[in-house]
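What the coordinates show
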Amino acid sequence: MFFNVEPKNKYIYVKGRGVAGKQIVFPTWVPGSYFIREQEKNVVMLRGASLVSKNKYFLTDDEFEYVYSAISKDQRETISTVDYIFINPVSVFPYQDLNEEYCISLKLPNNWVVHTTLKEIGKFTYCARNYDEFADSPIQASPKLNLIKVTEFHSISTVNNVNELEKLSKVLNFLDSSLSIENKDKQSYIFFFRRSDVNFGGIEHENSSAIVVPWNREDLLWLFAHEYVHKWNVKRLKPRELMRIDYERENYTELLWFAEGVTDYLAFLSLVLSKVIDTQQGLKSISNILSNLTYPGIKRMSLAESSKLTWIKLYKRDDNFLNIGVSYYDLGFVVGLLMDLKIRENSDNHYDIYSMFKALYLRFKETGYTYSDIRNVAEEYGVDFLDELVYKRDPPIFKHLSKYVEVEFVDRGKPYIGIRLEVNKITFVEDGSPADNAGLFPGDEIIAVNGVKGANIQEGQSLDLLIIRDGVVKHFEVLPGSNPGHTVKIKTNGGVFEEVFGKGEGVSDKKLI
């Protein structure tokens, strides 16, 4: 199929060529983002096709035209302004035969710069061998666009400035040396990067990734590393269920804890071992992740369930999520950490989790992997605890971790009421806490504490609260109770943990009042 594209402010006008008498299909799923985005909602068909269903049209002519509403700042989708465009092709363009060639020609002023991993065949004209490759190749363009070289093979496409390039270079080189197996690992790789007023994080592609973060986000090295690890884990080595993409519905797997959570650990470990973060930063980061795993949700959802239910749980999380679910990013990270420590311990530090990953990659890159494949390879490296961590609710992660590092819940037993606040609005109420028992609710706005407007809540005091809920002023009395323990402190005590992360301690800074 061929698409002539004319970007306008807020819109993209598309003239397509296909085969008359057949359907075209607009994807409803954007791979790498685990909920159905329904991007076909942005399509207004103009001519050459008749509507069959929400995302399908029957071509009445070989040529068809439509306009696409392009106002999303999310890099999983598409935006078009007077001086900038970002196109995620899977969100904009339909397919007929997934295996045919797909090409796009952009109508842009001559002073515009275009960056994409698609093959250039002419001025502002690019092609892919099939739809999967086309869908996985973002396009970024602007007259102000720059390509910042990080290493020989890595560049950043951006209209903004990027700091810490030297540190990023160290991280990328470390990951290449730790994970590279094939000659194609030396292919060029682009980070499409943009600052915004929202935090959309990143999304992986075959030879690139797209990142949109707010101006005050600081942990960019970890995010860049995470997306880069996806070059191997997810894009080349995949859960077996994701080997053949279905663009029209949920693609279920129990293995996102490995695809995402372990990816996050591999990325984090690269920052530690390339020495771009210090011991205190590293230990604090681990403590913050552990703190997220101290809430009731971990007792109500296993890691495998979290992976499979992400379409309706994690990706659509609300203010009650920590009570009913667990993140496969956080728990998967900890499982990766425990696997790494066990492998190092069993091999006297001759092998690590990168070694295990490469073994898995070499065996299952063609077929995709199952849980049994992960477990079997891990067992070869001495890891014998995966079943209970992956399939058991309330897995004994702290029991396993305490073999390697001192773990303390520094607020356990101290007075608390069990809420999180943003300014004066309640954003979370822990199940079974004094606040929960008193009847406080997420979204309640506190207007007075013990008769004083704007007063801060002091730990340990009895509270007489005036709140606004649904426009109505309500009164609640809350008596402090005993904190079950959410502030996590880890302290090294020698051994393999200290050899990897250094000597020190870290305390989580995510507070529950």
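Residues numbered from 1 in each chain as written. Predicted model: local features only at pLDDT ≥ 70, side-chain atom pairs only at ≥ 80, totals over all residues. Heavy atoms only, no water.

1. Observations concerning the layout of surface pockets
Within this model, the second largest pocket holds a volume of roughly 850 Å³. Around the second largest pocket, the lining comprises 37 residues; the ones closest to its centre are E133, D136, S137, E206 and N207. Those elements that provide at least two residues to the lining of the second largest pocket are strand 11 (113-116), helix 2 (131-135), strand 15 (146-149), strand 16 (154-158) and strand 17 (189-196). Top contributing element to the lining of the second largest pocket by residue count: helix 2, with 3 residues. Residues that form the lining of the second largest pocket fall into these classes: 12 nonpolar, 12 polar and 13 charged. (1 Å grid on protein atoms, 1.4 Å probe; cavity = no way out; pocket = protein on both sides within 12 Å on 5 of 7 lines; lining within 4 Å. Points joined across faces, edges and corners; volume = space filled by probe spheres on them. Helix = DSSP H or I, 4+ residues; strand = E, 2+ residues; numbered from the N terminus. Nonpolar A, V, L, I, M, F, W, Y, C, P; charged D, E, K, R; others polar.)

2. Quick notes on the sheet that holds strand 18 (residues 201-204)
Sheet architecture is open: 5 strands sit in the order 15-16-17-19-18, paired in mixed fashion. Here the strands that pair on one side only, and so sit at the sheet edges, are strand 15 and strand 18. Adjacent strand axes in the sheet meet at a mean angle of 20°, parallel and antiparallel pairs treated alike. As judged from the 4 bridges shared by strand 18 and strand 19 (residues 208-214), these two strands associate in the antiparallel manner. The residue of strand 19 that forms the bridge with G202 is I211. Taken strand by strand, helix 4 (residues 220-229) contacts strand 16, strand 17, strand 18 and strand 19, and its axis lies near 140° from that of strand 17. (Pairing = 2+ DSSP bridges. Axes fitted to C-alpha atoms, helices over the stretch in contact; angles between N-to-C directions. Contact = heavy atoms within 4.5 Å.)

3. Considerations on the side chain of D373
Here D373 shows up in helix 11 (residues 371-380). Residue class for D373 comes out buried when judged on its relative accessible area of 11%. One polar contact links D373 to R240, side chain to side chain, over a distance of 3.5 Å. Those residues in contact with D373 that lie beyond four places of it in its chain are R240, L360, F364 and G368. (Buried < 20%, exposed > 50% of the residue type's maximum accessible area, 1.4 Å probe, protein only. Polar contact = N/O pair within 3.5 Å; in protein donor to acceptor, adjacent residues only side chain to side chain.)

4. Side note on the pattern of salt bridges
This model, assessed by the stated rule, comprises 28 salt bridges. Residue R37 is joined to E77 by a salt bridge in which the shortest nitrogen-to-oxygen separation is 2.6 Å. Taken together, the residues span a long stretch of sequence, with R37 in the loop between strand 3 (23-25) and strand 4 (43-47) and E77 in the loop between strand 7 (63-69) and strand 8 (78-80) at a distance of 40 residues. Owing to a relative accessible area of 8%, R37 belongs among the buried residues under this scheme. (Salt bridge = Lys/Arg side-chain N within 4 Å of Asp/Glu carboxyl O.)

5. Details of the state of the cysteines
In this structure the tally under the stated criterion is 1 disulfide. Across a sulfur-sulfur distance of 1.9 Å, C103 and C127 are joined as a disulfide pair. In this structure the cystine formed by C103 and C127 twists about its S-S bond by roughly 110°; its chirality is therefore right-handed. Of this pair, C103 sits in strand 10 (residues 102-106) while C127 sits in strand 13 (residues 125-128), placing them 24 residues apart in sequence. Classification of C127 as buried rests on a relative accessible area of 6%. (Disulfide = S-S within 2.5 Å.)

6. Details of the sheet that holds strand 29 (residues 488-492)
The strand order 20-29-30 describes an open sheet built from 3 strands, whose pairing is antiparallel. Pairing within the sheet leaves two strands with one partner each, and these edge strands are strand 20 (405-409) and strand 30 (505-507). Averaged over all pairs of adjacent strands, the angle between strand axes in this sheet comes to 15°, irrespective of strand direction. By the bridge criterion, 5 bridges tie strand 20 to strand 29 in an arrangement that is antiparallel.

7. A few points about the environment of Y315
Relative to the assigned elements, Y315 resides in the loop between helix 7 (303-308) and helix 8 (321-324). Sequence separation between Y315 and G122 is 193 residues; the distance between their C-alpha atoms is 39 Å. In this structure Y315 touches G32, S33, Y34, F35, T310, Y328 and Y329, once residues within four positions along its chain are discounted.

Bear in mind that shape data such as this cannot, by itself, settle questions of function.
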